[in-house]
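# Descriptive structure summary
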Amino acid sequence: MKKLVKVVAAIIENEQNEILCALRSPEMSIPNMWEFPGGKVEANEDIYSALVREIDEELSCKIETINEVFNDNTHEYETFIINLKSIKCKVVEGTPTSSEHSKLIWLKTENLDSLKWAPADIPAVEQLIHEK
């Protein structure tokens, strides 16, 4: 039986209405694909505090979440199943700086589909594009 991994992802929007996109490094699973930054939800941790912690660890900045799930998607990969909850948020302190990802870029919503996204992130990307 495949392991189910609970993951939260931050849809971070800036003042120019651009979304932060993160390129997975070649060393990561699902390498060289774009994703919304975030990470695993630890045992006894709610999704919002998990997201704040992960973004602080991964991007060295503080975020504020909007307390509702924007997109909830379960995707089956070859070796595991991911339940990915995407949550909209904004940076309240610091500037996102990549420590794990190969690259970070800000993109307008209408340009998000120009990137090669990790399969689990695609439903949230499509929802963002069709939301406007």
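Residues numbered from 1 in each chain as written. Predicted model: local features only at pLDDT ≥ 70, side-chain atom pairs only at ≥ 80, totals over all residues. Heavy atoms only, no water.

### Remarks on the overall build of the chain
Scanning the chain from N- to C-terminus turns up two helices and eight strands. Moving toward the C terminus, one meets the helices and strands of the chain in the order β-β-β-β-α-β-β-β-β-α. Computed over C-alpha atoms, the radius of gyration of the chain comes to 14 Å, within 12% of the 14 Å expected from 2.2 N^0.38 for 132 residues, which places it in the range of a compact globule. Each principal axis of the C-alpha atoms in the chain carries an extent, and together these give about 45 × 35 × 30 Å. Among the 132 residues that make up the chain, the fraction classed as buried is 45%. In the chain, 66% of the contacts between residues at least 6 apart in sequence involve partners at least 24 apart. A total accessible area of about 7,300 Å² is found for the chain, and carbon and sulfur atoms account for 49% of it. (Helix = DSSP H or I, 4+ residues; strand = E, 2+ residues; numbered from the N terminus. Rg over C-alpha atoms; globule rule 2.2 N^0.38 Å. Buried < 20%, exposed > 50% of the residue type's maximum accessible area, 1.4 Å probe, protein only. Contact = heavy atoms within 4.5 Å. Areas by Shrake-Rupley, 256 points an atom, 1.4 Å probe, with all protein chains shown as cover.)

### A closer look at the sheet that holds strand β2 (residues 18-23)
Through backbone hydrogen bonds, the strands of a sheet pair up, either in parallel or in antiparallel fashion. The strand order across the open sheet formed by three strands is β3-β2-β8, and the pairing between neighbours is antiparallel. Either end of the sheet is taken by a strand with one partner, and the two such strands are β3 (34-35) and β8 (103-108). Alignment of β2 against β8, held across six bridges, turns out to be antiparallel. The residue of β8 that forms the bridge with E18 is K108. (Pairing = 2+ DSSP bridges.)

### Brief notes about helix α2 (residues 122-131)
Listed as buried for α2 are A124, V125 and L128. With its buried residues spanning 100 degrees around the axis, α2 presents them on a single face. Against β1 (3-12), β2, β6 (71-76) and β7 (80-93) lie the buried residues of α2. (Arc of directions from axis to C-beta.)

### Side note on the nonpolar core
Of all hydrophobic cores here, the largest spans 25 residues; its most connected members are F36, L112 and W117. Mapped onto this core, the elements with two or more residues apiece are β1, β2, β7 and α2. Broken down by element, the residue count for this core peaks at four residues, all from β1. Sequence-distant contacts of L112, defined by excluding residues within four places in its chain, comprise I19, C21, L107, W117, V125, L128 and I129. Membership of the second largest hydrophobic core comes to 14 residues, among which are L20, I47, I63 and C89. (Core = buried A, V, L, I, M, F, W, Y, C linked by side-chain atoms within 4.5 Å.)

### Examining unusual backbone geometry
Its identity as a non-glycine residue notwithstanding, N32 has a phi of 55 degrees, on the positive side. Assignment of secondary structure puts N32 in the loop between β2 and β3. N32 sits in the partly exposed class, given a relative accessible area of 43%. Positive phi values are uncommon outside glycine, yet S60 reaches one of about 55 degrees. Within the secondary structure, S60 is located in the loop between α1 (47-59) and β5 (62-65).

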